[in-house]
Each structure stands twice: as structure tokens, then as C-alpha cells.
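# Analysis of the macromolecular model
In case you want the letters, here they are:
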Amino acid sequence: MAPTNKQQQQNIEPEEILQAVVVADSFDQQFMPLTADLPRCLLPLCNVPLIEYTLEFLAVADVKEVFIVCCAHSQKIKEYILASQWSEETSPMRVHVIVSRSSMSMGDVLRELDTKSLIKSDFVLVNGDVISNLKLDSVLAAHRERKATDKNTIMTMVLKEGSAYHGARGPHAVFCLEPGTTKCLQYVHLDRADARELHINPEVLDAHKDLMLRNDLIDCGIDICSIEVLALFSENFDYQDIRRDFVRGILESDLFVKSIYGHVIHDEYAVRVRNTQLYDRISLDMMRRWTYPLVPDANALGTPGDLANFTHSRGNIYREKPVFLSRTTSLVGNVVLGRNSAVGQGTVLTNCVVGRDCKIGRNVRLANAYLWDGCSVGDGVVVEHAILARNAAVRDRVTLARGCILGQGVVVGADTAVPPHTRIERPAAGEPSDAELVGADGVGVKSEADDYDEDDDEAEDPVLRAMIHDLGFSADDLRRHLDAVALRQADESDDEDGSDAGSDAEDNAEEIRATINRALAQGHTLDNALLELNTLKFACNLTFKDLRDEVGPCILHHVFVANNRNFKALLERWVGVWAGLVHAHDDQVDLVTSTAAWFAAHAAEKAKYMSTVAMVMYEADVVEEDAFLAWYHSDADNGEPGMPAVKKAMKAFVEWLEEDDEDEEESEEESDDE
């Protein structure tokens, strides 16, 4: 007998669609003054608003309904979505904008959603600044499998392998995971990136024989949540941050028996544009096609009728026709040029994104510079690691040092040099511009936005925070700062512990000398020698300077004292050890200084070999000419006995360096004249 209509209706279950929540607000001021008049999710990345990449990521995952929750600049977000392809009838998903003006945190957003009862089942929670080519299918399938075996599962966090000091990590924390299942057993928030103490719940240690403590995971800002997560936020009004408050609170509470898992990815790209340093890195990754298929020439993102139309050529040059280039314009590599942009003769662009309708003058040097739509740059300008917001203008012969950010409509007057890491915004109505900062004909004042929230991880060390998060800082800057902090802490420890600390330092020095002397005597390979030294560095919490101070004299003694011939051959054999301990200009100067001090302390007849050592270091690219010149022209160590003889031995070498430098400058000038 065929089933009746009533029976058929009872057997038909409503189709369960995949929903997503996009949190458009970041609840910080990392991008000020750029976000003074534009929400972060609408900031252009390679000339496309950030939220486009996030929505494309969700569409590929077959999400059918998206709720964008916003607070700041909500009207601009609503207008953008209404005019975008996501409001078209052909859109693969429905996109709704929810305005929550009172929300000040992720917790407020989720409580607001709970009151509206819009979410019907498990959903994807994502920030509006996520760039990812991750296929969510596998993450969703793993989440469903976990729920089938563990009924208490309420969340799966997407985490990516990175490094302890990677700028994309977000709040610094250690994830305590169960091997095999990657169930999160404890979330340990770290007050500082260089924290040295870790407190693990004794109950976790008692209940699990094996644990994985991961300090190298990047929080991708992507979570798969059960609908129960919303209710838990509503029940606990003190939950504000999703990791620091919610995850830690759930895992450490005796009231809740809930399970949270980590899903660790390896090869896929999934990063939040959390700060200006990441803005630079991710832009380069996109131009270098690490984010494929989210690349500039995909030409699938934007508003209907105004989609990008880039072509890709060798060297990762992307042009959106028409663009106007002089014959002598040089596009070195990784360059995006927006529609109707013009670049003058003799201008060099490297690692740059130029928006639409931008005008760049003659003999300009732009490196890691990001010009948004409508910017203008005069002749003879030099810009490095900087962001210029819409309609910003830089007049002739201006220099923007590393890390500068110009807000919308800012004007920097001619012949002005803006200091490093300066953020400039337009003055408020009736407020005068800062002529000392932007020049007599400039428009702008220094942005005083407080980026250092009192709960920031690095609040105790704003320099460390800036090096991890802000545009214009390099890995070398971070390494030097950490070494300096380590030295300062060692000095403080010396003052407190007295002879015990001094004894430890001497023991470490003796161990370094024993390690390198063993390598020298037994003829170890360079790789093995460096491996042993680096192992010792981490085991004893040493710095590269600690290693250089002991390794250098040992090598010099081996070459010039223990042996009496083939000096240069022996130097060339072991110069690679020095190369492994030098990472920046200051390191090079320090190496030359300590080498000169060794020769100054030995017999006068040894001083003549200082130039031999210098030439070997120079030819092996261990020390550059600037470092030699900086040491030679410094008066810091001239009073040491034996130093005049060393500098006399170096005179001819230094003169040769200076003459070679002058020849290069003359050659460049002749080339420019031609």
C-alpha cells in the first residue's frame, strides 16, 4: 500500500542549510587612522575589499546563508553589500547585514545573535578580515564525526602551524592538545610573546599520559560552532574574547562538561589581516600567488559592472588596463597597477600595490608601498613600507620612512622627511595642520590613536608589540630586540644572584669554547659545527652575541696561533661559522669590533693579518663594507693598547672600500645622465 500524503509529509525533514556568521568589527585600533572613516572589512587588499575574500571563502564552502554583524561604519557596510554581487539574484548565498551598535566584543556579538534566534544549527564563525583558500569540507566533516563520537563537542577551532613570533598568531597562547584526537584540554594565555613560565592544570596532567603543548599555532579566526555556543555566551556575560574567556572558561570550568577541538592545517592558507605588518605580508603572498585561487588576476571579486580586470605577466606584474607607464619605468617584481594609474619616467616600483586613478611622478622609488585609489606622488619621492589611504598626496622630494601611514586626504608638503613609524590623519574641522610634520603646504596631524590596549599581550613591552604587529619592522629587528632583552635580563639576574650568575655565565662561555675547539680540532663540517652551537644556544638560553664573543677568538687562535701557515685557507674553511652567527648590520659591526680587539691584544706582528681576515669576511659576504667603515671611523676603541696598529693595518683595505664605493656612485650618476 502506497504511503499517504500525511505520512510522506511526516517523513520529509526540513533541509538543513549551512549558515555562517561574519564579525565585521575587529574591536581594536590596529589600522588607525585608516579605519577612521572606513571599516576594516572594507579596506582594500590588492585593490579588493577584505570582506570579498571572506565571502568568497564561505561561498566555496557551500555556505547558503551569511549574517554579517557590524557596529562601526555599519551604514557603509550595508551600502557596499547592497551594491555587491552578493545581493544579486545569482548569488550562491543570501547575505544579511545585522547592525549591533552596542557590541564591543565578540561576546557581545554572539549574545546579540542568540537573542535574535537566527542560527538554526551548527554554523561557521569567521572574522571579516580572513584570507583563506582552505576547503572547509574536510573541517566540517571532521567536526561532524567528532560530534557523532563525542556528544559534548561544541566547537572546532581551525589552527595553522606557524612560529612562536609569527605576526599572524593573534593573542599569544599555548594550546594543550590531546595527541591523536587534537582535543583541546587547556588554553593557556600568555601575557607576553617572550613569556618563560607556563602553568598547566594538574588535573590535565593526571588524566592524560601524553600531551601536546603547541606554542606554534596561528589562530586563523575560523571556528565551527554548535548552536549551544550562543547560549553559553548568553549565560556568561563575562565572556568577551572567544579564546581568552570562552575557550579557557569552558575548559577550566567544573560546571560545564563540553569538548572543544583543534583542527590543525599545514599547507593551506588561512590568515587574518590583524595588523599593518600582516597587511604587507599577505599582500605580498597574494602577489606571489601563495593564496591561489585568491589572486589579483582571478577577476571574480568586486561589485557588478566594476569587477577587476587584471592581466598577469612575468615577475608577478598585474595590470588592470588601461595603465600609463613611461618607457623608463621599472617594475621590478610583485606589482599591482590599478586602472587609469600613471607612472612617470625613471620611477622604480618593487613589491607595491597601486590603486585606481593614482598618479606617480618621475624618479620615484616605491618599495613595499600601498597606494589606495586616487593617491598622487610627486617627483623624486622615496617611500618604503608605507600605506597611503584614498586621495592622499605626497608632494615633490618627500621621504616617507619605514612604517609610515597616511590617512584619507592627508597631504605631505614638498621637501619633507617624515620620521619612521609615523601615522598621520587629517586634522579635525578648525584644527590647524602640523607644519613641522607635513610641511608648510601639507595637511595633516600626527594620529594619537591608542593602539596599546591595557589587555594587549605586549602591554608591558610596547616595543616588542610594535615589532610583531606594525608595518616596517623586520625579523632582524625582532631578533635584535629579543637579544637585547635577554642580555638585560641576564644583567639583572647577575645583580640579583651575584657570584652564582657569574659562575653560570662562565660555565656557558667555557662550554661554547669547548664546542668550537672540538669542531676545529676534529675537522667537523660547517653544518655540524653550527648545529652544535645552535643546540647549545637554545639549551643554555644564549644569544648570538654570546656565541660570537667566544667563537671568534677560538677561530682566530686556531688560525694564527695553533698553526703557522695557510692562514687564508684556514680562514676560508671556517668563515662559514661566522656567517651563521651574523644576521644584521649591528651584528657585523660587533664581529669586526671583537676581531679587531683580539688582534689588538696579541703581539704587534699579528695585527697585519687583520686585513686578511677582513678580506675573507668581505668576499664571503659575512660583513658588508658599511660595517667595516662604521667600525673604522668609530673612536670607541681607539684608546685600547694595540688598536692603532690594527687600524693602521686596515687603512689600505678601508681606502679600497671607499674608492670602490665612489666608483659605483659615479657609474650610477653617469647612467642617470644617459
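Please refer to the structure placed before this passage.
Here we summarise the structure given alongside this text. Small disclaimer: the values here were computed from a predicted structure and weren't measured.

## Considerations on helix α7 (residues 228-235)
Taken together, the buried positions of α7 are V229, L230, L232, F233 and S234. For α7, the elements touching its buried residues are α4 (106-116), β6 (123-127), β8 (153-161), β12 (217-225) and α8 (242-252).

## Remarks on the sheet that holds strand β11 (residues 212-214)
Ordered by their spatial adjacency, 3 strands build an open sheet running β10-β9-β11, and the pairing between neighbours is antiparallel. Two strands close off the open sheet at either side, each with one partner strand: β10 (184-189) and β11. Recorded for the sheet is a direction-independent mean angle of 15 degrees between the axes of neighbouring strands. In this structure, strand β9 (residues 173-177) lies alongside β10, joined through 5 bridges in antiparallel fashion. Of the residues in β10, the one forming a bridge with C176 is Q186.

## Observations concerning unusual backbone geometry
Cis rather than trans, the peptide bond between M32 and P33 has omega equal to 5 degrees. The topology assignment puts P33 in the loop between β1 (19-23) and β2 (44-45). A cis geometry characterises the amide bond from K321 onward to P322, with omega recorded as 0 degrees. Summarising the element assignment, P322 is placed in the loop between β16 (317-320) and β17 (324-325). Of note, R289 is a non-glycine position whose phi angle comes to about 75 degrees, a positive value. Looking at the element boundaries, R289 is found in the loop between α9 (276-287) and β15 (310-313).

## Observations concerning the pattern of salt bridges
Summed over the entire model, instances satisfying the criterion amount to 26 salt bridges. With its nearest N and O atoms 3.6 Å apart, the salt bridge here joins E112 to K116. On the criterion of helical spacing, the pair formed by E112 and K116 is a turn pair, its members being 4 residues apart in helix α4. For E510, the salt bridge identified is with R513, shortest N-O distance 2.9 Å. Of this pair, E510 and R513 both sit in helix α13 (residues 499-522), 3 residues apart, which is roughly one turn of the helix. Taken together, the shared-partner salt bridges connect K545, R548, D549, D587 and D590 into one network.

## Observations concerning the packing of helix α14 (residues 526-539) against helix α15 (residues 544-560)
Look at α14 against α15: their axes get within 10 Å of each other, and the N-to-C directions meet at 130 degrees. Between α14 and α15, the angle is such that the two are oblique. The hand of the α14/α15 crossing is right-handed. Of the residues in α15, those in contact with L533, N534 and K537 of α14 are F544, L547 and V551. In terms of residue class, the contact of α14 with α15 is built from 4 nonpolar, 1 polar and 1 charged.

Cut-offs used in this document
- Residues numbered from 1 in each chain as written.
- Predicted model: local features only at pLDDT ≥ 70, side-chain atom pairs only at ≥ 80, totals over all residues.
- Heavy atoms only, no water.
- Buried < 20%, exposed > 50% of the residue type's maximum accessible area, 1.4 Å probe, protein only.
- Helix = DSSP H or I, 4+ residues; strand = E, 2+ residues; numbered from the N terminus.
- Contact = heavy atoms within 4.5 Å.
- Pairing = 2+ DSSP bridges.
- Axes fitted to C-alpha atoms, helices over the stretch in contact; angles between N-to-C directions.
- Salt bridge = Lys/Arg side-chain N within 4 Å of Asp/Glu carboxyl O.
- Parallel < 35°, antiparallel > 145°, perpendicular 65-115°, else oblique.
- Left-handed = near helix turned anticlockwise from the far one by under 90°.
- Nonpolar A, V, L, I, M, F, W, Y, C, P; charged D, E, K, R; others polar.

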